[in-house]
Each structure stands twice: as C-alpha cells, then as structure tokens.
Amino acid sequence: MRHRHFLKLFSAGAIVLSSLAGPALANPVVLFDLNSGKILQHQDAFKRWYPASLSKLMTAYVTFRAIAAGEVQLDSPIKVTKHAAGEPPSKMGFKPGSVMRLDNALKMMLVKSANDIAMAVAENVGGSQAAFAERMNAEAARLGMNGTHFVNPNGLYSPDQYTTARDLAVLVVAIRREFPQYASWFSIEGLAVGKKAISNYNLLIGRYPGADGMKTGFVCSSGFNMIGSATRNGRTLVAVVLGEKSAITRAEMAAKLLDQGFDTPAAGAATVATLAPYGDTASPNDMHDEICKKKKPEEQSEAPAATAKDKPKSPYQEKLDHVPTLVAVGLGGATGPAPKAMLDQGGQEYADVPIPTWRPDRPAPAGAGPVIAGSAVQGDQPAKAAN
C-alpha cells in the first residue's frame, strides 16, 4: 500500500515538471506567463515554505489597496514607531518619531528590503502589526492563496508565517495586473539616501536582459528566495524560486528558468489560478541548519559574496556595466493626510508601542543605530553601495 502511494506521488511529481527540459530542481519553483497566467514549469508548487521578505509583496499589495480605497495617499506621513525602529536588520535605522512619505517608505521597503520600514508602513496603514496582519490574511484568502498565513509585514522568521510558490505566483499576478502604475518601483536599480547608495538585492535588475522586478527574501529557515520577472517582445515571464543556497544561485536559477521560458512557446492549459494542489501541502520546510549552522556570517547574506581570482565569476556577481540609476528617498515631505487607521476619534496614534523583549532562544538584533550598509542578522541583508 505504501509502495503504491509512493509511486502515485512520484508520478505526480514527474508530471508537474512540465514540458520544459532543464536541470533537476531541488526546491519549489514556478515559472509562468504573466499575461496569460499559463504555467510553463513548476515543482513542489504547493510545498509550505517560509516566505522571508517576499512577505513584503503582500505588505505592498495591502497598501496599494488602501491607497485605492482612499485610506491613505502617497504623500501621507509614515511615522517610525518604537516598535518599528526595534526590528532587526536589514533596516534603514531611522529613529523613533522619524516621518517620511508613504511612497518613499514603500520604495525603501521594496529595494532595501528594510524590516523597520515595512513595520512602520504596516502600523500606520493598519493601525497595528496585528491589525495589518489580519488584512494580509484577508487579502490572501480573497485571492485564493490557500497555503499562506502571515503574522508580520516584513517576513522575519515565525513558524506561523508561511506560503507556497504557487500562492506567491497568485500574488504577483494580482499586483502586476491591478496596480500597473507601481510596476517601476520593483525594478529600481538602487536608492540614494543622502550621500549613500543602496543597491537592489534583485541581482537580475540591470544584468538580465529585460528584467523588470520583483523581490528577494532570506532568513536562515527559508534559504534564499526570489521572484524575478522579465519582459521581452511584449511577453512577461515570472520565475518564483524558493530555498536556494545563496543570493547568487537563486539569481542564476531564476535566470535559467526565464531563459527556458523565453525559448519555449506558451503551452499547456494549467494556469496559476487553476493548478490543482499536489504533494505535501502541510509539512513546513526549515533550512536553518543547512543554510546557517555551519556557514560564516558573510555566507548568510543577500549581498553577493566575493569569488576567488582563479574562479570564474557569475554574471550576477559582476558590477553593473553602466552607471546605475538611483532613486532619491529619505525623510520629510509628507504633506498629505495622516493614514485613517492611525487616528482614533481623539486623534491619538495606536501603533507606538514599546519594543518587545527579544526571544531568549535566538540572537539579539545587532545595534540600534542607523544601518544603511554593514553587517546584519536574519532578514534581507544589507547590500554593498551601488556599483
């Protein structure tokens, strides 16, 4: 009986590898056509995975919906609370009480993958972390992301925050189709914060022909995650890659999948919306020991690692072959109305709560001062200055 069950699962797994030929895939992936929704390749698409900073895509989506509903405007003030300022890196490091425009906050969240800014956005737009998480889960349910659950807006590790490659594909479709006006934010090459430059962690941007988005993520338990999109000849493909071993290999895998997709005409009937669940959809995956237990801190970073001179470099480790276009962001300029969720009838703010005590079974977050570039702990790691 067990043998027949194994063969059944094996056969299903063989089928879902799709019509594209290519190297064996170790972890969940989905490759799909954005316009048609048709899936070109997938493996373990319904396997439960920790999203890490890919969570910030849902934070952006909830915020875009709030803007459309008139709850907040792009020039509305986003105040950094004590709670937000206490989030571990990667972060901008602004002091509690600092205020910025919502659009600048979202760009810092998406490009720098700043955990403190993601929390500030959530608290201001939702009223509190818990209230915003409820909205994240409500949107996930409405979109049919049935294998997803959120507890925070930035993707820092929690056993109760998980998703699947298929669900992330559903989210990407919603963002890109419903809010095309923000598409350029996902392809920003770098940010200028005063005199400092911050590169995008998405190493396809500026390096892979046609690359135009979207987001990366990393915590020890998830490995290196990535969603990369590219457009060629009017055709936009999206690759979802979860659980890679480094920032370089996830970019390489995404690029390989995109290459295969652009070389193959759209085929098959399954779409992101209609793909039927398969495989183990309940057991969580945890790569903590494999990714972080025996590796040096610099190997636990989203920043591309240096290679030895006698070894060929990955094209995604090379500096950009052009001067990067930097988008200026920073504090101030918030002249719009305060987010409705931050104000009660007396005009008092909800979200300015004390910094919680750090869990004793995990390392304490590094430093309390500004962290624009430098070492970091879990979460998307600081990149080097823009090339």
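Going by the structure above, here's the rest.
Residues numbered from 1 in each chain as written. Predicted model: local features only at pLDDT ≥ 70, side-chain atom pairs only at ≥ 80, totals over all residues. Heavy atoms only, no water.

Chemist: Before we move on, can you summarise the sheet that holds strand β10 (residues 326-328) with the specific residues and values?
Modeler: Spatially, three strands are ordered β6-β5-β10 in an open sheet, and the strand pairing comes out mixed. At either margin of the open sheet sits one strand with a lone partner, and together these are β6 (196-199) and β10. Averaged over all pairs of adjacent strands, the angle between their axes in this sheet comes to 30°, without regard to strand direction. Relative to β10, strand β5 (residues 190-193) is paired through three bridges, and the arrangement is parallel. Residue pairing for β10: leucine 191 is matched across the bridge by valine 327. Those strands touched by helix α4 (residues 102-112) are β5, β6 and β10, and its axis lies near 125° from that of β5. (Pairing = 2+ DSSP bridges. Helix = DSSP H or I, 4+ residues; strand = E, 2+ residues; numbered from the N terminus. Axes fitted to C-alpha atoms, helices over the stretch in contact; angles between N-to-C directions. Contact = heavy atoms within 4.5 Å.)

Chemist: Go over the packing of helix α2 (residues 55-68) against helix α7 (residues 165-178), please, and point to the residues and values.
Modeler: Where α2 contacts α7, the axes come no closer than 10 Å and their chain directions differ by 35°. Relative to α7, the crossing made by α2 is left-handed. Contacts from Leu57, Met58, Tyr61, Phe64 and Arg65 in α2 reach Leu171, Val172, Ala174, Ile175 and Glu178 in α7. Class assignment of the residues belonging to the contact of α2 with α7 gives a composition of eight nonpolar, no polar and two charged. (Left-handed = near helix turned anticlockwise from the far one by under 90°. Nonpolar A, V, L, I, M, F, W, Y, C, P; charged D, E, K, R; others polar.)

Chemist: Talk me through the pairing of strand β2 (residues 39-43); I want residue IDs and the actual numbers.
Modeler: Counting buried positions along β2 yields five of five residues, so the element is predominantly enclosed. Looking at chain direction, strand β1 (residues 29-33) and β2 are connected through four bridges and run antiparallel. Opposite leucine 31, over in β2, you have glutamine 41 as the bridge partner. (Buried < 20%, exposed > 50% of the residue type's maximum accessible area, 1.4 Å probe, protein only.)

Chemist: Give me the environment of threonine 81: which residues, what numbers.
Modeler: Here threonine 81 is to be found in the loop between β3 (77-79) and α3 (82-85). Relative accessible area serves as the criterion here: at 1%, threonine 81 is assigned to the buried category. The spatial distance from the C-alpha of threonine 81 to the C-alpha of lysine 95 is 8.3 Å, given a sequence separation of 14 residues.

Chemist: If you had to explain α4 to someone new, which residues and values would you point to?
Modeler: Counting buried positions over the eleven residues of α4 gives eleven, a clear majority of the element. Turning to α4, its buried residues are Leu102, Asp103, Asn104, Ala105, Leu106, Lys107, Met108, Met109, Leu110, Val111 and Lys112.

Chemist: Now, about the nonpolar core: what can you tell me, with residues and values included?
Modeler: Counting residues in hydrophobic clusters, the biggest one holds 78 residues, and the most contacted among them are Phe32, Met58, Phe64, Ile117, Ile227 and Val240. For this core, the element with the most residues is α7, which contributes nine residues. Residue contacts for valine 240: discarding those within four places in its chain leaves Pro28, Val29, Val30, Phe32, Ala165, Leu168, Ala169, Met226 and Ile227. Of all hydrophobic cores here, the second largest spans 22 residues; its members include Val29, Ala211, Ala239 and Met253. (Core = buried A, V, L, I, M, F, W, Y, C linked by side-chain atoms within 4.5 Å.)

Chemist: Describe in detail the state of the cysteines, supporting the description with residues and values.
Modeler: Within the structure shown, the criterion is met by one disulfide. Between the sulfur atoms of cysteine 220 and its disulfide mate cysteine 292 the distance is 2.0 Å. Where cysteine 220 bonds to cysteine 292 through sulfur, the torsion about that S-S bond is close to -90°, and the disulfide is left-handed. With cysteine 220 in the loop between β7 (211-219) and β8 (223-232) and cysteine 292 in helix α9 (residues 288-293), the pair connects residues that are 72 residues apart, well separated along the chain. On the accessibility criterion, cysteine 220 (6% relative accessible area) is buried. A residue is classified by how much of its surface remains accessible, and cysteine 292, at 7% relative accessible area, is buried. (Disulfide = S-S within 2.5 Å.)

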